[in-house]
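Close look at the chain arrangement
Residues per chain, in single letters:
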Amino acid sequence: MLVKDAHIIRIIEQIGEHYRANLSSRFVRPALHTLALDKQTWESMEDLTEKIEHYRYQGFLLEELYVQIRAASHFVSAARRDLVPTLRNRLSYSEAASPNDRVLRDMAINNFGSNLQVFADMIYDLFKNLINLDESNTRQRRTPLYTSIPGFQDLENILKGP
């Protein structure tokens, strides 16, 4: 099923904007690459957060969006566990950086946990909207598609956090 719903596309755009500006900024990106996530998870994250132009007009495949949501939940879980407590220690403090860069770097580090929670909330909002769309289109199928995709049993707990 192709998803062309304007509200869902806007949520995906917001997710990408937030990810690029707050979680994958030039100050934090080096630490993100230390997360123990497989290549497929990173590719799904990239599809969700970076490649909106590829899908905006042709539509998103519902199953691919579910896979991307699952990848984003793995990212959130790994970042909470491995980055939030140690982010400051993982990033080198360059003496050559300008005072402005140091301030921006400190802001990115200090706000990473809350920005990660905003990202998780956005992913959960996307998931709920897709479930509603999926359930309203189950007339063609006996059960909604998300029920057949593994990994969604604990999605709410993962995204809502500890």
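In this text the structure is predicted, and so the values were computed from the model without any measurement.

Quick look at the packing of helix α5 (residues 62–83) against helix α8 (residues 112–136)
Where α5 contacts α8, the two axes come as close as 10 Å, and the packing angle between them is 155°. Here α5 lies roughly antiparallel to α8, going by the angle between them. Along this stretch, α5 crosses α8, giving a crossing that reads as left-handed. Across the interface between the two elements, Leu62, Leu65, Tyr66, Ile69, Ala72, Phe75, Val76, Ala79, Arg80 and Leu83 of α5 pack against Phe112, Leu116, Gln117, Phe119, Ala120, Ile123, Leu126, Phe127, Leu130, Ile131 and Asp134 of α8.

Overview of the packing of helix α1 (residues 6–23) against helix α3 (residues 39–49)
Contact geometry for α1 and α3: axes closest at 8 Å, N-to-C directions at 115°. The orientation of α1 with respect to α3, classified from their angle, is roughly perpendicular. Judged by residue contacts, Ile12, Ile15, Gly16, Tyr19 and Arg20 of α1 engage Trp42, Met45, Leu48 and Thr49 from α3. Among the residues making up the contact of α1 with α3, the classes are represented as 6 nonpolar, 2 polar and 1 charged.

Looking at helix α7 (residues 99–110)
With 12 residues, α7 extends 16 Å between its outermost C-alpha atoms, agreeing within 8% with the 16 Å of an ideal straight helix rising 1.5 Å per residue. Within the sequence span of α7, burial applies to Arg105, Ala108 and Ile109. Viewed end-on, α7 has its buried residues packed into an arc of 95°, placing them on one side of the element. In α7, the exposed positions that point more than 90 degrees away from the buried face belong to Pro99, Asn100 and Asn110.

Things to note about a nonpolar patch on the surface
Where nonpolar side chains cluster on the molecular surface, the patch consists of Val103, Leu104 and Met107 and spans about 270 Å² of accessible area. Assignment of secondary structure puts Val103 in helix α7.

A look at the packing of aromatic side chains
Taken as a whole and judged by the stated rule, the model has 5 aromatic pairs. For the ring pair Trp42 and Phe75, a centre distance of 6.1 Å and an interplane angle of 65° mean the geometry is edge-to-face. You can see Trp42 sitting in helix α3 and its partner Phe75 sitting in helix α5, a full 33 residues away along the chain. For Trp42, a relative accessible area of 21% corresponds to the partly exposed category. Consider the rings of Phe75 and Phe119, whose centres lie 5.8 Å apart with planes at 80°: the pair is edge-to-face. Taken together, the positions of Phe75 in helix α5 and Phe119 in helix α8 put the pair 44 residues apart, joining distant regions of the chain. Like Phe75, the residue Phe119 is buried in the burial classification. An aromatic cluster is defined as three or more aromatic residues linked by ring pairs; in this entry it consists of Tyr19, Trp42, Phe75 and Phe119.

Thresholds applied
Numbers given for residues are sequential positions, taken from 1 along each chain in its written order. This being a predicted model, a pLDDT of at least 70 is required before a residue's local features are given, and a value of 80 or more before pairs of side-chain atoms are given or counted; all residues contribute to the totals for chains, interfaces and linings. Heavy atoms throughout the structure, all of them, feed into the side-chain values; hydrogens and water do not. All axes are obtained by fitting lines to C-alpha atoms, using only the stretch in contact for helices, and the reported angles, taken between N-to-C directions, cover 0 to 180 degrees. Secondary structure elements follow DSSP: runs of H or I of four or more residues count as helices, runs of E of two or more count as strands, with numbering from the N terminus. The scheme is simple: roughly parallel for angles under 35 degrees, roughly antiparallel for over 145, roughly perpendicular for 65 to 115, oblique for anything else. Crossing handedness: left-handed means the near helix sits turned counterclockwise from the far one by under a right angle, and right-handed means the same turn made clockwise. The contact definition used throughout considers only heavy atoms, calling two residues in contact when any of these lie within 4.5 Å. In the scheme used here, Gly and all other residues not listed as nonpolar or charged are polar, with Ala, Val, Leu, Ile, Met, Phe, Trp, Tyr, Cys and Pro taken as nonpolar and Asp, Glu, Lys and Arg as charged. Every helix has an expected span of 1.5 Å times one less than the residues it contains. With a 1.4 Å probe rolled over the protein chains alone, any residue whose accessible area is under 20% of its type maximum counts as buried; one over 50% counts as exposed, and the rest are partly exposed. Taking the helix axis as origin, the arc is that swept by the directions to the C-beta atoms. The patch calculation keeps residues exceeding 30% relative accessible area without a salt bridge and links them within 9 Å when they carry like charges or within 5 Å when they are nonpolar (Val, Leu, Ile, Met, Phe, Trp, Tyr). Here, Shrake-Rupley sampling with a 1.4 Å probe gives the accessible areas, and only protein chains in the shown set may cover a residue. A side-chain nitrogen of Lys or Arg and a carboxyl oxygen of Asp or Glu constitute a salt bridge if their distance falls within 4 Å. Side-chain rings of Phe, Tyr and Trp (the six-membered ring for Trp) are treated as a pair once their centres are within 6.5 Å; stacked means planes under 30 degrees apart, edge-to-face means over 60, and tilted covers the remaining angles.

Everything listed here is a matter of coordinates, which is why it stays silent on function.
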